[in-house]
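One-letter residues, chain by chain:
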Amino acid sequence: MRVPLSWLREYVDLPATETGRDVQAKLIAAGLEVEAVEQLGADLKGPLVVGQVLTVEELEGFKKPIRFCTVDVGQANGTGEPQEIVCGARNFAVGDKVVVVLPGAVLPGGFSIAARKTYGRVSHGMICSGDELGMGDDGSHGIIVLPPEHEAGADAVELLQLVDEVLDIAVTPDRGYCLSLRGVAREAAIAYGRPLLDPALLDVPGPNAFGHPVQIADPFGCDRFTARTVTGLDPEARSPIWLQRRLQKAGMRPISLAVDVTNYVMLELGQPLHAYDRARVQGTIGVRRAEPGEQLTTLDGVSRTLSDEDLVITDDRGPIGLAGVMGGAHTEIDDTEGTTTEVVVEAAHFDPLSIARTARRHKLSSEASRRFERGVDPQAAAAAAQRTVDLLVLLAGGSADGGVTQVVAPSAPHTIALPADHPDKVAGVVYGRETVVRRLQQIGCDVYGQDELIVTVPSWRPDLTDPNDLAEEVIRLEGYENLPSTLPRPLPGRGLTDRQRLHRRVGRALAGAGYVEALNYPFLGEAALDQLGLDADDPRRTVVTLVNPLSDEEPALRTTLLPGLLGALRRNHGRGGHDLALFETGQVFRPTGDEKVPARLPADRRPTEEQLAALDAALPHQPRMAAAVLAGAREQTGWWGAGRPSDWADAIEAARAVAREAGAELTVRADQRAPWHPGRCAALYVKGDDADGEQILVGHAGELHPRVVAAMHLPERSCAMEIDLDLLQRAGDGIARAPRISAFPVATQDVALVVDKPVPAADVEAALREGAGDLLESLRLFDVYENAEHLGEGRKSLAYALRFRAPDRTLTVDEATAARDAAVALAAARTGAALRS
């Protein structure tokens, strides 16, 4: 909303010294988003005067038409002699009044004017167009031709109102009343403590039976319709300069007198209006829903197929306008023909939701629809119609018809019960009842009561619906800057849950291991699942599809974190980051098929526990996952020595780091699962909490399949890990406890066991741990050896370092050897292991 300061001063007696910047600061403090203050004519310097064209000589021999003119500028040039000017425009003639800039003047943009020789003549000045004066688009794109009543030599700067300040306000959806001078003036009046000269306070005649007939078939869609008629209009009448300039400053283009007047009143009062050529309206004006497939050609010349949800204005022939959005071409006031002498003015109030949906359905946003969908004051319709009639009578010489049509659906004013101390509780500041009542009355509310206030909301504020809205009005008018900064006081015994603590510990652990967190959108498409090489029956292909996705290419919620992370890996690699380690923690969404459609929850009260439980039951399973991806060097090469590339073992180690934070111990086994390499994929297990201690699969880690790397354009030998945090938490011991440190020395025993190649190292390790007993402090696999000549075909050697320590004594060699032998014996019994000779 563009608000000229000169226009705003007509409704609020602002201090004469206040600039646009001062008003901007006041309105921002009141909660309006004043984005800029445009200084019109700030760099304009006169003389700029009215001139009358005396003679026009056509110059020949040039590539374009050139005219040599003499112009009467009165005494503005100091001599009273005609001013000689060369001009290329052709939209003026001898006798016309034009705008002349004389030598010594400076036009907007720093364009200095001086006498100069051009086209063989000397031009002493310039005849100006609207663009050259910074007036905006007036639709003519030529020289400004003024009405004949202006005297030659008069100051054109004041006449054309070229010097002004314009506030550019970004009106939020809840402040629709500020899409008018009336609304912004109300805020300025409150901010400055000055009275408001409300332009809607007009004497409006009551309805009678002589007005143009109107029939409302949908009172919900249109609850108020006022029709007024003006006859005897001068079809040659044009909008005066002051009216055109105000429209231009507000960002609208002057079109014709009737249209300009309706636009002017809309900007002034916020009520959209429409003027029909009475001769083109046949019979009763009606408001109804459109018939499916019905056609309407709107003022922009587009033929539109209507929906049965569209609200239309009709006459006896059918639709003549798209209600609240745009009028129809059949009843347009055609300024080119100059035949319109009778006009029917429409001022109505339409359902905001219906108008918003119609505008979006037809991709037709207009100044009227912007206001209706944000909420228009229904009480202003009659005043807006009267204001339009008055201006048409004044400017076009018409007469107001005595008939007044007003169709009003019965409605009661909206009231809200507000405890007088409610704003105090919301803001944490004691305002007191008097302040609360005063501020609510300033915005137009009627307030009654003492401790419990009954507040009647003004008709122009449909956004005020509950006590918190009223509290917000009190707080913003008292000043957000006056609210003290206080920290909330948490209740004792509350803090992060175990789930939240684990989430944070995992993030810190991976960050400490050199990974960088990358947060991705939780959406994916079928193409991403295809790139991962998932089988058709893979559970990860069963997705939750969104009704209104942000992108048609990613309409579903993710079932795995890998597509987003691998996409981030690809983008960073493409931008020159070749040594990468990224991680993400978050939820995935895996429907079970048992979800039910929940009932719609009530909006006027808190849902019951049963309703909330039904809502939760309708949600898909949402496990928390942690995932990491790697590519490039894991350790850099430098003066300290050779580095090494990241590989499948680093992905497994990332999973171990996550498991350690949950207090769980991972068991690693070879596996085959997309999108990992079939020979470099590890399945990650933890011990279950049931009696038999069955292993639970919690994730996978390893090197990605080459086909996946190629399909997703990833670096070679990229690796990844994904693990279920919820399963880890249930299997873990919680926060890791610090170990007890023994003061006695450690006894180390190494053992090399030969087993068949298919035997997992994890099974051998588990048997050694169990067989060694409580004296075993740690166990580490430090070598894997395969040689058919020394070990036999299909055999491998696993070498372990076993550390024994007792908490209360120094172990003897016999005790350590006995514990080692017991471990080897159990490993031999379970896995067929034999000591390597």
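Source: prediction; values computed, not measured. (Residues numbered from 1 in each chain as written. Predicted model: local features only at pLDDT ≥ 70, side-chain atom pairs only at ≥ 80, totals over all residues. Heavy atoms only, no water.)

Colleague: Help me out: how do you make sense of the packing of aromatic side chains in this one?
Modeller: The relation between two aromatic rings is expressed through the spacing of the ring centres and the mutual angle of the planes. Taken as a whole and assessed by the stated rule, the structure comprises six aromatic pairs. Seen from their ring centres, Y521 and F523 are 6.4 Å apart, and the 20 degrees between their planes marks the pair as stacked. Exposure remark for Y521: the relative accessible area of 66% places this residue in the exposed category. A centroid spacing of 5.6 Å and a plane angle of 75 degrees characterise the contact between W639 and W640, whose relative ring orientation is edge-to-face. On the accessibility criterion, W639 (79% relative accessible area) is exposed. Aromatic rings pair up to connect W7, W242 and Y264 into one cluster. Its guanidinium or amino end placed over the ring of Y192, K26 lies 5.3 Å from that ring's centre, counting from NZ or CZ. For the cation-ring pair, R67 lies above F92, with the distance from its terminal atom to the ring centre recorded as 4.8 Å. (Phe/Tyr/Trp six-rings, centres within 6.5 Å; stacked < 30°, edge-to-face > 60°. Buried < 20%, exposed > 50% of the residue type's maximum accessible area, 1.4 Å probe, protein only. Lys NZ or Arg CZ within 6 Å of the ring centre and 35° of its normal.)

Colleague: What should I look at first to understand the pattern of salt bridges in this one?
Modeller: Where charged atoms from two side chains of opposite charge approach closely, those side chains can pair. The tally for this structure, following the rule as stated, stands at 56 salt bridges. Its salt-bridge partner being D300, residue R304 comes within 2.6 Å of it at the nearest N-O pair. For R304, a relative accessible area of 10% gives the class buried. Given a relative accessible area of 37%, D300 falls into the partly exposed group. For D421, the salt bridge is made with K425, and the minimal N-O distance between the two is 3.7 Å. By relative accessible area, K425 is classed as exposed at 63%. Linked through salt bridges whose partners overlap, the residues forming this network are R175, E187, R461, D463, E473 and R476. (Salt bridge = Lys/Arg side-chain N within 4 Å of Asp/Glu carboxyl O.)

Colleague: Explain the pairing of strand β23 (residues 343–350) to me, please; I cannot follow it from the model alone.
Modeller: Side-chain positions along a regular strand alternate between the two faces of the sheet. Most of β23 sits out of view: eight of its eight residues are buried. Across four bridges, strand β16 (residues 274–277) lies against β23 in antiparallel orientation. Bridging across to β23, H274 finds its partner in E346. (Helix = DSSP H or I, 4+ residues; strand = E, 2+ residues; numbered from the N terminus. Pairing = 2+ DSSP bridges.)

Colleague: Sorry, what's going on with the sheet that holds strand β32 (residues 624–631) here?
Modeller: Hydrogen bonds between backbone atoms are what pair the strands of a sheet, whose relative direction is either parallel or antiparallel. As summarised here, the arrangement of the seven strands in space is β28-β31-β32-β38-β37-β36-β35, forming an open sheet in which the pairing is mixed. If you trace the sheet from one side to the other, it starts and ends with β28 (516–517) and β35 (667–670), each paired once.

Colleague: Where do I start with helix α5 (residues 241–249) in this structure?
Modeller: Given 3.6 residues per turn, any residue in an α-helix points the same way as the ones three and four places further on. Of all the nine residues making up α5, seven are buried; the element is thus mostly covered by neighbouring parts of the structure. Among all positions in α5, only I241, L243, R245, R246, L247, Q248 and K249 are buried. One or two positions beyond α5, positive phi appears at G251, with a value near 90 degrees.

Colleague: Even after reading the chapter, I still don't get the environment of E38, so can you show me in this structure?
Modeller: Position of E38 among the secondary structure elements: in strand β2 (residues 33–40). Looking at E38, the relative accessible area reads 35%, which means it is partly exposed. Taking C-alpha positions, E38 is 25 Å from I127, a pair spaced 89 residues apart along the chain. The residues touching E38, leaving out its near neighbours within four places in the chain, are R2, D164, E165 and V166. (Contact = heavy atoms within 4.5 Å.)

Colleague: Before we go on, may I ask you to explain unusual backbone geometry in this structure?
Modeller: Glycine aside, a negative phi is what most residues show, and trans is what most peptide bonds show. A cis amide bond, omega 10 degrees, links A674 with the succeeding residue P675. By the secondary structure assignment, P675 is in the loop between β35 and β36 (676–687). Of note in the backbone geometry, Q161 takes a positive phi value of approximately 50 degrees without being a glycine. For Q161, the position within the fold is in the loop between α3 (156–159) and β13 (164–170). Overall, the relative accessible area of 22% leaves Q161 in the partly exposed class.

Colleague: Where do I start with the sheet that holds strand β27 (residues 452–456) in this structure?
Modeller: With antiparallel pairing, three strands are arranged side by side in an open sheet as β25-β27-β26. Only two strands of the sheet have a single partner each, and these edge strands are β25 (415–419) and β26 (446–448). Each strand of the sheet is rotated relative to its neighbour by a mean of 25 degrees, with strand direction disregarded. Inspection of the sheet shows β25 paired to β27 by five bridges, in the antiparallel sense. By the bridge assignment, I416 is partnered in β27 with V455. Contacting β25, β26 and β27, helix α11 (residues 433–442) runs over the sheet at an angle of about 5 degrees to β27. Strands β25 and β27 of the sheet are contacted by helix α12 (residues 467–478), whose axis makes an angle of about 70 degrees with β25. (Axes fitted to C-alpha atoms, helices over the stretch in contact; angles between N-to-C directions.)

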